[in-house]
Amino acid sequence: MTSNAELACVYSALILTDDDIAVTGEKIQTILKAANVDVEPYWPGLFAKALEGVNIRDLITNISSGVGAAPATGGAAAAPAAAAAAAPAKEEKPESEPEESDDDMGLGLFD
């Protein structure tokens, strides 16, 4: 369950992103002070560190893509590589050892 501190930091990060301001711990803390929201001192820095190098706008705008879009873009590029890897695999057929069953060992659940 999310806490009020987490939500406040998320909303602060969204406000900073909307205003095209870099998301830093100090800036998140400034917004939280202006909103009279008390959070533990580690929350703003934690969120700033987690969002470092992440394009928040892309995350928000591509949310409708969902799970189905990722394999479509990655799958098209990976298809030739998968086909090339599958060809040698067909030539090599490793011998599989027959599996031993518990019946052969004389062990049973209620023995």
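Residues numbered from 1 in each chain as written. Predicted model: local features only at pLDDT ≥ 70, side-chain atom pairs only at ≥ 80, totals over all residues. Heavy atoms only, no water.

- Identification of the chain as Large ribosomal subunit protein P1 from Molorchus minor is taken from an unreviewed UniProt entry.
- What the UniProt record of the chain gives under Function (unreviewed entry) is the line "Plays an important role in the elongation step of protein synthesis."
- Looking at the chain in UniProt, the text filed under Sequence similarities (unreviewed entry) is "Belongs to the eukaryotic ribosomal protein P1/P2 family." (UniProt positions renumbered as here; feature names shortened; annotations may be inferred.)

## Here's the deal with the packing of helix 1 (residues 4-18) against helix 3 (residues 42-50)
Phase 1 of the analysis: Packing of helix 1 against helix 3 brings their axes to within 10 Å, and their N-to-C directions diverge by 50°. Viewed along their axes, helix 1 and helix 3 adopt a mutual orientation that is oblique. Taken as a pair, helix 1 and helix 3 cross one another with a handedness that is right-handed. In this structure, helix 1 uses Ala5, Glu6, Cys9 and Val10 to contact helix 3, whose residues at the interface are Trp43, Pro44 and Phe47.
Phase 2 of the analysis: Here the contact of helix 1 with helix 3 is built from residues that sort into 6 nonpolar, no polar and 1 charged. (Axes fitted to C-alpha atoms, helices over the stretch in contact; angles between N-to-C directions. Helix = DSSP H or I, 4+ residues; strand = E, 2+ residues; numbered from the N terminus. Parallel < 35°, antiparallel > 145°, perpendicular 65-115°, else oblique. Left-handed = near helix turned anticlockwise from the far one by under 90°. Contact = heavy atoms within 4.5 Å. Nonpolar A, V, L, I, M, F, W, Y, C, P; charged D, E, K, R; others polar.)

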